[in-house]
Amino acid sequence: MAPPSPATGFRLSAATGTHRGDRAYQQDQVSVIAHPRIAGCVMGIVADGMGGKSGGRKAADQVILTAHQLFERYSPDDESPAELLGQITSEAHLMIKLTAISAEEEPHSTIAGFVITSDRCAHWIHSGDSRIYWFRGARLVKRSMDHSYVQRLVDEGQLSEAEASSHPQSNLLTSCLGTVQDPTSSSERFEGLEVGDSLMCCSDGLWHYFTAQELGSVLYSLPPREAAELLVSKARQRARGGGDNLSLAIVKLESLD
């Protein structure tokens, strides 16, 4: 008898959430994309745009458009998920730079994206301070490390995580898409995803208001749609009228039972 497929026994449940916050314009973009031909293969991606009222939105739009185009053409026989994510990052960066040439704005964007494959592997890439979290139940397994000035200070032992969140230069990035120099991006691969695992990518307008323990508890106890609604609502409440654009994408491995 043939061994069971790695995909047997779980399904992927997903949701996105977004809010303009207290800003005049929405410059975040987010998407969850199911692969059109490969069962059990899905991408979650968020882009936090910067650079004027339309520049930031154009940059974020370009990230999502590039992700859709390349993911729909993605074939595991010809390309690895890591190569796919790297190509999305580099092509979106180039297109944003070309947009800047023809406009007076200086569009930039973060990127935080992950791909879950049918063999229960996860691949992610990010540039900037949009984050990706991997939870097993309510426990944080790993999260991405921001490309930011305050994260560098934390890494050097000059700031604690708590001090970094309230630092006056917490929004200063050391890398993002659309800059003159090619961006720094960080990518990772994980095997052995289990039923009950969740992956979430989100902009700083969301994660700024939660500890990892709070995020894990919500993702564990609620289905993705309800979790997204609760996190957006609670972030808005905690922002007290001073909140940034916020967005998130959640994908959860659930039992077929």
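For the structure given in this document, a descriptive report is provided here. Here the structure is a predicted model, which is why all the values come from computation and not from measurement.

Each value, and the rule that gives it
Residues numbered from 1 in each chain as written. Predicted model: local features only at pLDDT ≥ 70, side-chain atom pairs only at ≥ 80, totals over all residues. Heavy atoms only, no water. Helix = DSSP H or I, 4+ residues; strand = E, 2+ residues; numbered from the N terminus. Rg over C-alpha atoms; globule rule 2.2 N^0.38 Å. Buried < 20%, exposed > 50% of the residue type's maximum accessible area, 1.4 Å probe, protein only. Contact = heavy atoms within 4.5 Å. Areas by Shrake-Rupley, 256 points an atom, 1.4 Å probe, with all protein chains shown as cover. Lys, Arg positive; Asp, Glu negative; His and termini not counted. Charge placed at Lys NZ, Arg CZ, Asp CG, Glu CD. Phe/Tyr/Trp six-rings, centres within 6.5 Å; stacked < 30°, edge-to-face > 60°. Salt bridge = Lys/Arg side-chain N within 4 Å of Asp/Glu carboxyl O.

1. Looking at the overall build of the chain
Turning to step 1, where the next piece is worked out: For the chain, the count of helices and strands is 7 helices and 11 strands.
Turning to step 2, where the next piece is worked out: Relative to the compact-globule value of 18 Å for 257 residues, the chain shows a C-alpha radius of gyration of 18 Å, a close match.
Turning to step 3, where the next piece is worked out: The dimensions of the chain, computed from C-alpha atoms along their principal axes, are 65 × 40 × 35 Å.
Turning to step 4, where the next piece is worked out: Put simply, the chain has 257 residues, and 49% of those count as buried.
Turning to step 5, where the next piece is worked out: Sequence-distant contacts, at least 24 apart, represent 71% of the contacts inside the chain between residues at least 6 apart.
Turning to step 6, where the next piece is worked out: Carbon together with sulfur atoms contributes 49% to the accessible area of the chain, which is approximately 12,100 Å² in total.
Turning to step 7, where the next piece is worked out: Side chains of the chain give 23 positive and 32 negative charges; the mean places of these two sets differ by 5 Å.

2. So, the packing of aromatic side chains
Turning to step 1, where the next piece is worked out: For the structure on display, the rule yields 4 aromatic pairs.
Turning to step 2, where the next piece is worked out: Centroid distance Phe71 to Tyr74: 6.3 Å. Interplanar angle 10°. Geometry classified as stacked.
Turning to step 3, where the next piece is worked out: Of the residues examined, Tyr74 reaches a relative accessible area of 2% and is grouped as buried.
Turning to step 4, where the next piece is worked out: When the centroid spacing of 4.9 Å and the interplanar angle of 45° are considered together, the rings of Trp134 and Phe190 count as tilted. Here the residue Trp134 occupies a position in strand E7 (residues 131–136), and Phe190 occupies one in strand E9 (residues 186–190), the gap between them amounting to 56 residues.
Turning to step 5, where the next piece is worked out: The class of Trp134 is buried, set by a relative accessible area of 7%.

3. Remarks on unusual backbone geometry
A negative phi angle is the norm for most residues apart from glycine, just as the trans form is the norm for most peptide bonds.
Turning to step 1, where the next piece is worked out: Positive phi, close to 65°, is recorded for Arg120, a residue that is not glycine.
Turning to step 2, where the next piece is worked out: The phi dihedral of Arg240 is positive, around 55°, even though this residue is not glycine.
Turning to step 3, where the next piece is worked out: Residue placement: Arg240 occurs in the loop between helix H7 (224–239) and strand E11 (246–255).

4. A word on the pattern of salt bridges
Turning to step 1, where the next piece is worked out: If you walk through the whole model with that rule in mind, you get 10 salt bridges.
Turning to step 2, where the next piece is worked out: Its salt-bridge partner being Asp197, residue Arg136 comes within 2.7 Å of it at the nearest N-O pair. Taken together, the residues span a long stretch of sequence, with Arg136 in strand E7 and Asp197 in strand E10 (residues 197–202) at a distance of 61 residues.
Turning to step 3, where the next piece is worked out: With a closest N to O distance of 2.5 Å, Arg189 and Glu191 form a salt bridge.
Turning to step 4, where the next piece is worked out: Several salt bridges share partner residues, and in doing so they unite Arg136, Glu194 and Asp197 into one network.

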